[in-house]
Structures are given as C-alpha cells and as structure tokens.
Protein chains: 2
Amino acid sequence: MSVTSAQGFGAAGVAAGLKTSGDRDVALVVNHGPLDAAAGVFTTNRVKAAPVLWSEQVLKSGRLTAVVLNSGGANACTGPEGFQDTHATAEHVAERLGCGAADVAVCSTGVIGDRLNMPALLAGVDAATAATAATAPTAATAPTAATAPTAATATTTETNSDGGDDAARAIMTTDTHPKTVTISNDGWVVGGMAKGAGMLAPALATMLCVLTTDAVADADALDTALRAATSTTFDRIDSDGCMSTNDTVLLLASGASGISPTQPELNQAVEKACADLARQLIGDAEGASKEVAITITGAASEQEAVTVARSISRNNLLMCALFGNDPYWGRVLAAIGTTDATFDPDRVDVSFNGVKVCVNGTRNPDAEAADITPRHLSVEVDLHAGDKTATVHTNDLTLAYVHENSAYTS
Amino acid sequence: MSVTSAQGFGAAGVAAGLKTSGDRDVALVVNHGPLDAAAGVFTTNRVKAAPVLWSEQVLKSGRLTAVVLNSGGANACTGPEGFQDTHATAEHVAERLGCGAADVAVCSTGVIGDRLNMPALLAGVDAATAATAATAPTAATAPTAATAPTAATATTTETNSDGGDDAARAIMTTDTHPKTVTISNDGWVVGGMAKGAGMLAPALATMLCVLTTDAVADADALDTALRAATSTTFDRIDSDGCMSTNDTVLLLASGASGISPTQPELNQAVEKACADLARQLIGDAEGASKEVAITITGAASEQEAVTVARSISRNNLLMCALFGNDPYWGRVLAAIGTTDATFDPDRVDVSFNGVKVCVNGTRNPDAEAADITPRHLSVEVDLHAGDKTATVHTNDLTLAYVHENSAYTS
C-alpha cells in the first residue's frame, strides 16, 4: 500500500548497490493520471542538496509525472557536478517514462559530501521503471520498459505486487522499518511513505516523504493542503534540533477516483496522513528510548507555544534526564526562560504524564508521584499567559543516539 | 591564590553539609578595602534563581563588601520563600561582618527546585566569616568573629593559609578540580575563581565566577571592563547549548595596591582573567572528551561570525561525530545553513586541525589527511563574505555526558 494506496499510481523499490548493505536503495513513484498536479515543501536549510534545488525548480510548474528517490547518498555539498548528477537522473527517468525531465522530481538521502555512484543509480532507475511499467493503465505510458536493466547492477529487480512497500523500504537509511500511511475517505484516498530517523528538526523534519492522492485537485489546492499539514505535523517534530540539507515532502494527485473533495476535506486528509507519518518518524528516531510530547497551554500565541515547546525539546540536559527517568522539572523551567515568550516565572505549571510536578514556578509537594518510565511521555506546561496551545514531539537523548551518531560515516 | 591574589581580600571555603559528599560547599569572599567598588553580569535566562534576583538588585549601588556562595543547591524555582532564604543569608553575613545586607552578593549553584538547608548554610556562614576574620587588616572589621560556629554543623572549619583555594573548592559541583586565575600587572593584580562544568551556554556560560582586583577603580570602570571581557570570553563558550538560571560573574576592587590602571589596562587584565577561566571551564566540561575551538573567518560581521560558530557548536550530530573521531564536514555545512548569516554555500571552506576538508562547499580530495583524534580540536570555517572573525569554544557530545546528565538529581 502506501504511495500505491491511491488509484493511478505505480511504485517500485530496487537494490542498485548504493547501500553497502545491498538493501533496496532506489525508489520510483509514477503518476499514471489522468491528472499530474503536484506540490512540494522543502528544507529551509540554506545549504540545499542538489536534488532539493532541482525539485524546487521543477515543482514551480505544479506538475509531476514521477518522483525518483535514492538512499545511500544525500548528493549534498557536491557542487555543480552533483547537480548534473541529479539532472541526469531525472533525464534518465524521463526517457524511460516518455515524459520530460522537468516532470520528474528527485530526492536523495544519506551521507553528505559524496558524489553518487551514477552507473549504479541509473541501472537502478532502469529496474524501477521496468517494475512500474506493469502498473500503468496502458503499455503506451511506459514505452521503454523493454529496454530495462541488467541484473548485474540491479540485484533486486523482483518486486512483489505492492511496489509501494518496496519503495518505502528503498528510501530507508537508519530507519528500522518502513513508514507508510493510507487515509481512506469517501471514495478517494491519500497514501504516503516517509523516511527519517535522525536529524529530525523543524522546517522540516529531516525526511523524505511522498504523498499521493487519487482525488481530483489542482496544484494550488494541493499546495494549500500540504503547507497547512506540514506546518502542524512535520514542522513540530524535533528529535535532535538538527536541520537537514535534503528534506522534501511531495504531494501528487492523479484524479483517478474522479472525486473532487472540498479544500477542507483535502486539508484534513493530508494532515491526517502527515500526522501519522510524523508520529512514526519520532517513534523510530535514532537511538531514542522515549517518545516525548511537549504540550504548551496558556500561551499568548500559537507561535509562542511552539517556541517554548521547541526550546524544551532541544534542551540536552532535560533530554538526558528523561532518558534517566528523572523528572527534573527545573530544566523545563530553565529552557522556558531562554525564550522571549510571554510568561511570568512565578506562574508556570509543569506536569509529567499528568502529574503536576511544578506549581507557580516551584516544586509541587506531590511531584514524587510522577512516573516517567513508560516509553510514551507527556510534558505539559501551562504558561498562564493566554489561551493558545501547541505540541512538539521529540525524543530523549540517549547513549544509543551518541553511539549511533558518533559512527555514522566511518 | 585565586580571589586572594589581589591585596585587600580574604576568602574561605567550608563544609556546611549542603553537599551529601561532605565536601566544602560554602564560600565567602570579603573585600577589606579601602575601596568597595563592584560590578556584576548575570544570566539572561528569564527564570532567574533567587540569588541572581538578589545580587542584581544589590549591585545597582556599585558597591560590595562581600560575596557568599554555596554549592549543593541552586535556590532556583523556589518562590518567595527561596528569595527570603537568600535575603536571610545576606543578612547573616552582614551581621557577622558588620556591614549591611545590601553590601553582600549571594550566589548559589546545584540542583534547581529545592529549598536550601538554611540552618546548615548559616552555620557555614559563621565558619566562613570566622575564617576570613583573620585576613582582615584590623580586628575591627570583623567584629563578630568570636561568635562564630559550632563544629557540629560546620565540619571543616580549618582553612589553610590560602582561603582562596578553599573558596574555589567550595563552589565546585560536577567540576573535577577548582578553577582559579591570577593576572599580575605592574603593581596590581586581577585574581579569580570560577565553577561550571555542565550547562555551559551563552550569556553567560553556566557558572559562578568571582574576580577581585587591588587596582583603584570605580564601579563604572569595573562594569565596562567586565562587560567587555565576558562578551568575548564566557559568552563564547557553549558546551551544550543550555543556559542556566544562576550564572553570575562578579568583579570587586579593593584599591589596596594604590595603583590606578587606565581603562584599557583594566579591560585587558580582566579579559585575560576571564579568558583563562573560560578555557578551564571548557577543559573540564561534563563528560567531554574533546575541547573544540570553532573559528569563523571571512564573516560580514563579528555578530554573524558568532552566530555561525554557535550554530555549529550546538549541532548534536556534529558533536557526536567529533566524539567518534569522524571529520564529518557535511554536518558543519548543514549547521551553517540554518543561520541567516551572509554566505554563499558554494564558497564555504572548512578545515579540521588545519587540514582543509571542504573547499567551495564540496569535499577536498585531501580531506582524508585530517586527524581529529587529539583532545584539542580546531574547526575553521571561512565564509568568504567579509573580514570579521570570532571563535566559540565547545565540547564534543559523548556517552559520558549523557550518562552523567541522565543521573544528576536522582
């Protein structure tokens, strides 16, 4: 299922040898139409990977026929040559699918700074396009399937009936399992897949995500729905405060259901899909032992609520304490105090898992009752400065996180 | 030596039982004059500990007779009662020294959220004032020394000839050794002590610091020198990005040398003292295995250079990589990209320990030559956007840091 849950989409995930593990590492999502509307949201990091620069450009048309994704290399900080590699990848996909390169978005994920193994990647594209050709309504939409890959370079060309699952596996890096979603509506569907296990931070989380829908919707409607959804979901997960060079979230509409949802209906379905995937990302963050929901209430504005929640989520000392099952609310206060949000230090309340540990900025005598040993932990802060609220999802800072990230490239 | 290096100062450090270890935990620094000019710089955290609120207030006069400091409790997030505890501590010191409570600054460090054991603390004050009475030029300046402590509550009243060293030990928390400094000038001296081993972050680092000088200087001159010095030293160490509720840096002048340095001379000596102590703090940061100097050159402004350096210093992923001896320059670029500083991603150069690993935003073929195994590591970034420069000092993110901070209060 996943990106193939919606009618009109084909997908594949193959092993092209980009990952030293031999696992699947090239994914393809093809929109068979009849529509080809699309929207995208990208990292706000000013150091953008070549595929981000490329895909931002092609998305300006509001149309996409396909998305090609690879793990095993981020193609970031690779200069003009890296951009040419991205361009060549899109060209190769376009040639196989019989569309233009400007109809193909490219996403990459993996280590920053290395060029991609282009012969392996292009052979992977051949295998993936061959696999998706079978999903096309008519053979005419996949004219070059017959020219596809040699087994030598694409070692896992066999795909099961669900190319969507293969695709979700092919974009994994340190993820321990694939992340997919299907939101069923009244006759139309939003499906999707995502990867992202470390470096989860705002605007966006570090991640690749492709969403598909068979609803009838134009690019503007998709863009509206996608921006609204990411701002309250992916933008509010913050595992380790680090922002990626490659974040990309794409939404493609085939219109194959023939159903035209209203904008609010579309918004709601896309947000549901994003929220589900965001939760899966935090649930599988690198080395995490806890999933922490930080909810701010009583804020003067939603933005201030997000600012306060994010400051708490990024406090290394608190995140170590939570790993150690230590409900050290003093560090919550210290983190709030670094923000410019409206609050009076003598009126702040803090709860862990529903047990009030701090009242009016000081220790609640009942604080000892707080049990933060479960994996799912809620930290609730009432600023008593208004009626706005927001939740940011994060993880604890663990020995496993440090271990995993101290040995990532080497 | 330390705070007693300058003429006219007495100091003591005693064990009052605030620390469960039984180590020294109450320090006193007394200015015997003839001058009593003073200046202070405090945390910018909006959640301020009671002693910070108190000391900010008393410093408005530009005068201090004494500073009393305790470890074993931060007295932060303790409400009006905690403030009364601070006030009572100052009153007690004043009574023993024969000055006013408003002439006494108070500093506390330790766990946030707990009230101090006041009987123990006040007995410690008695022991400390008794010890410093011997350092006074005439007995008249320490009128109540004879009334001092019972051995029962202040278990380590014996002080060696150097009360400065005892004081430096008494303010330690997770520090592994005391930090002191003496800057000798032409007939006058700046001495000092500091503590701070975790939660080192900007404006200020988490720390307590008392500097003393026997120079003749008024409060304005001290304030000017102290603000200039902290802005380029303590404000530029950032071990873990967390900001404390208790940061305090004080500078007291006795005038006992009879020498009046010029403002630039005073500035230079105070900056030297602060820089030396700042280096010691980073050298002893919690769990760190590396001391990392991040130097930005070619910045459009000094402020942008600091912003970029700080963003790099706070990147958990990079700091894990450095712990793992992995010169992953891609994470440096990703961190730079999160700032709004002036730079072109295709013109940034990065070096580790003098070996260029990234040229024009891409990998330098010679990058493999970089060796980051030594404890002292320099990360140099040239933004090629101007001629301004700044250095921020930080530490790697280690298993020991997580271990230490996951078991701090419990």
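Residues numbered from 1 in each chain as written. Chains lettered and ligands numbered in written order. Predicted model: local features only at pLDDT ≥ 70, side-chain atom pairs only at ≥ 80, totals over all residues. Heavy atoms only, no water.

Asker: Would you explain the overall build of chain A in this entry?
Answerer: Secondary structure assignment for chain A yields 10 helices and 15 strands. In terms of overall size, chain A behaves like a compact globule, its C-alpha atoms giving a radius of gyration of 22 Å where 410 residues would be expected to give roughly 22 Å. Projected onto the principal axes, the alpha-carbon positions of chain A cover approximately 75 × 50 × 35 Å. Per-residue burial over chain A gives 61% buried out of 410 residues. If you take every contact in chain A between residues at least 6 apart in sequence, the share linking residues at least 24 apart comes to 79%. Accessible surface, chain A: about 13600 Å² in total, of which carbon and sulfur atoms supply 51%. Both charge centroids of chain A, one from 24 positive and one from 46 negative side chains, sit 3 Å from each other. (Helix = DSSP H or I, 4+ residues; strand = E, 2+ residues; numbered from the N terminus. Rg over C-alpha atoms; globule rule 2.2 N^0.38 Å. Buried < 20%, exposed > 50% of the residue type's maximum accessible area, 1.4 Å probe, protein only. Contact = heavy atoms within 4.5 Å. Areas by Shrake-Rupley, 256 points an atom, 1.4 Å probe, with all protein chains shown as cover. Lys, Arg positive; Asp, Glu negative; His and termini not counted. Charge placed at Lys NZ, Arg CZ, Asp CG, Glu CD.)

Asker: Would you mind showing me how to read the interface of chain B and chain A here?
Answerer: A common measure of how large an interface is: the accessible area buried when the components associate. At the interface, 53 residues of chain B touch 53 residues of chain A. A buried area of about 4200 Å², summed over both sides, lies between chain B and chain A, and 60% of it is on carbon and sulfur atoms. Seen at the junction of chain B and chain A, the total is 2 salt bridges. Here D114 of chain A ties to R363 of chain B by a salt bridge, and the two come within 2.6 Å at their closest N and O atoms. The tally of links between chain B and chain A comes to 15 residue pairs in polar contact (both at pLDDT 80 or more). Elements that contribute at least two residues to the side of chain B that touches chain A include exactly helix 8 (316-323), helix 9 (329-336), strand 13 (362-363) and helix 10 (399-405) of chain B. Split into classes, the residues belonging to the side of chain B that touches chain A amount to 23 nonpolar, 22 polar and 8 charged. (Buried area = accessible area lost by both parts, 1.4 Å probe. Salt bridge = Lys/Arg side-chain N within 4 Å of Asp/Glu carboxyl O. Polar contact = N/O pair within 3.5 Å; in protein donor to acceptor, adjacent residues only side chain to side chain. Nonpolar A, V, L, I, M, F, W, Y, C, P; charged D, E, K, R; others polar.)

Asker: What am I meant to see in the relation of the copies chain B and chain A here?
Answerer: The transformation that overlays chain B on chain A combines an axial shift of 0.0 Å with a rotation of 180°, and the residual RMSD is 0.0 Å. The transformation just described matches what one would write down for a two-fold rotation axis. Scanning chain B for the C-alpha nearest the rotation axis identifies L399 of chain B, at a separation of 2.7 Å. Comparing contact sets, 100% of the residues at the interface of chain B also lie at the interface in chain A, consistent with an isologous, same-surface contact. (Least-squares fit on C-alpha atoms with pLDDT ≥ 70 in both.)

Asker: Can you walk me through the side chain of T233 of chain B in this structure?
Answerer: All names here are of chain B. With respect to the helices, strands and loops of the structure, T233 is situated in the loop between helix 5 (219-232) and strand 9 (248-253). Looking at T233, the relative accessible area reads 5%, which means it is buried. A polar contact of 2.6 Å, which involves the side chain of T233, links it to the backbone oxygen of A229. Leaving out residues up to four positions away in the same chain, T233 has contacts with E271, C274, A275 and A278.

Asker: Even after reading the chapter, I still don't get the sheet that holds strand 1 (residues 9-14) of chain B, so can you show me in this structure?
Answerer: Residues and elements named next belong to chain B. The 4 strands lie next to each other as 1-2-4-5, forming an open sheet whose pairing is mixed. Looking at the sheet topology across the chains shown, the edges are occupied by strand 1 and strand 5 (104-108). Strand-to-strand twist in this sheet, taken as the mean axis angle between neighbours without regard to direction, amounts to 10°. Packed on one face of the sheet, helix 3 (residues 118-133) meets strand 1, strand 2 (26-31) and strand 4 (66-70) and runs near 140° to strand 1. Together, strand 1 and strand 2 form the strand contacts of helix 4 (residues 163-170), whose direction differs from that of strand 1 by roughly 45°. (Pairing = 2+ DSSP bridges. Axes fitted to C-alpha atoms, helices over the stretch in contact; angles between N-to-C directions.)

Asker: Could you clarify how one ought to interpret the packing of helix 2 (residues 79-97) of chain B against helix 3 of chain B in this entry?
Answerer: Helix-helix packing: each pair is described by the crossing angle between the helix axes and the interaxial distance. Residues and elements named next belong to chain B. For the pair helix 2 and helix 3, interaxial distance at closest approach is 10 Å and the crossing angle is 25°. One element, helix 2, and the other, helix 3, form an angle in the roughly parallel class. The two elements helix 2 and helix 3 meet at a crossing, and its hand is right-handed. Taken together, the residues of helix 3 that come into contact with helix 2 (itself represented by D85, A88, T89, H92, V93, R96 and L97) are M118, L121, L122, V125, D126 and T129. For the contact of helix 2 with helix 3, a count of residues per class yields 7 nonpolar, 3 polar and 3 charged. (Parallel < 35°, antiparallel > 145°, perpendicular 65-115°, else oblique. Left-handed = near helix turned anticlockwise from the far one by under 90°.)

Asker: I tried to follow helix 1 (residues 50-58) of chain B on my own but got confused; where do I start?
Answerer: Because an α-helix packs 3.6 residues into every turn, residues spaced three or four apart end up facing the same way. Listing the buried residues of helix 1 of chain B in full gives A50, P51, V52, W54, S55 and V58 of chain B. Buried residues belonging to helix 1 of chain B abut strand 3 (37-42), helix 2, strand 5 and strand 9 of chain B.

Asker: Hey, could you run me through the confidence of the model for chain A in this one?
Answerer: Atom-level detail of predicted coordinates should not be read off regions where pLDDT is low. Residues and elements named next belong to chain A. On average, residues of chain A score 89 in pLDDT, and 91% of them are at 70 or above. Looking over chain A, one finds the lowest element-wise mean pLDDT in helix 10 (residues 399-405), namely 82, and the highest in strand 4 (residues 66-70), namely 98. Per-residue pLDDT stays below 50 along residues 139-160; that stretch engages in 39 contacts with residues further than four places along the chain or on separate chains. The complex model carries a pTM of 0.83, and its ipTM stands at 0.81. (pLDDT = per-residue confidence, 0-100.)

Asker: Which parts of the structure should I look at to understand unusual backbone geometry?
Answerer: Most of the time, phi is negative for any residue but glycine, and the peptide bond is trans. Residue and element names in this part refer to chain A. In this structure, P34 follows G33 across a cis peptide bond, with omega equal to 20°. Within the secondary structure, P34 sits in the loop between strand 2 (26-31) and strand 3 (37-42). A positive phi angle, close to 50°, is found at N360, a residue other than glycine. Relative accessible area serves as the criterion here: at 41%, N360 is assigned to the partly exposed category.

Asker: In this structure, what is going on with the UniProt feature "binding site: substrate" (unreviewed entry) in chain A? I would like to understand it.
Answerer: Residues and elements named next belong to chain A. In this structure's numbering, the residues bearing the UniProt feature "binding site: substrate" (unreviewed entry) are T173, K195, T206, E286, N405 and S410. Relative to the helices and strands, E286 resides in the loop between helix 6 (263-283) and strand 10 (291-299). With relative accessibility at 1%, the residue N405 sits in the buried group. (UniProt positions renumbered as here; feature names shortened; annotations may be inferred.)

Asker: Would you explain the sheet that holds strand 6 (residues 179-184) of chain B in this entry?
Answerer: Strand pairing in a sheet is mediated by backbone hydrogen bonds. Such pairs are either parallel or antiparallel. All names here are of chain B. A sheet is described by the order of its strands in space; here 5 strands give the open sequence 3-9-8-7-6, paired in mixed fashion. Each end of this open sheet is capped by a strand with a single partner; those strands are strand 3 and strand 6. In this sheet, neighbouring strand axes are inclined to one another by 10° on average, regardless of whether the strands run parallel or antiparallel. Pairing between strand 3 and strand 9: 6 bridges, direction antiparallel. Directly across from G40, in strand 9, lies its bridge partner L250.

Asker: Got a minute to help me understand the pairing of strand 10 of chain A in this structure?
Answerer: A regular strand carries its side chains on alternate faces of the sheet. Residue and element names in this part refer to chain A. Burial runs high along strand 10: 7 of the 9 residues are buried. In terms of strand pairing, strand 10 meets strand 14 (residues 376-382) through 7 bridges, oriented parallel. Residue pairing across strands places T297 opposite D382, the latter belonging to strand 14. As paired strands, strand 10 and strand 15 (residues 388-395) are joined by 7 bridges and run antiparallel to one another. Pairing of I294 across the sheet is with V392, part of strand 15.

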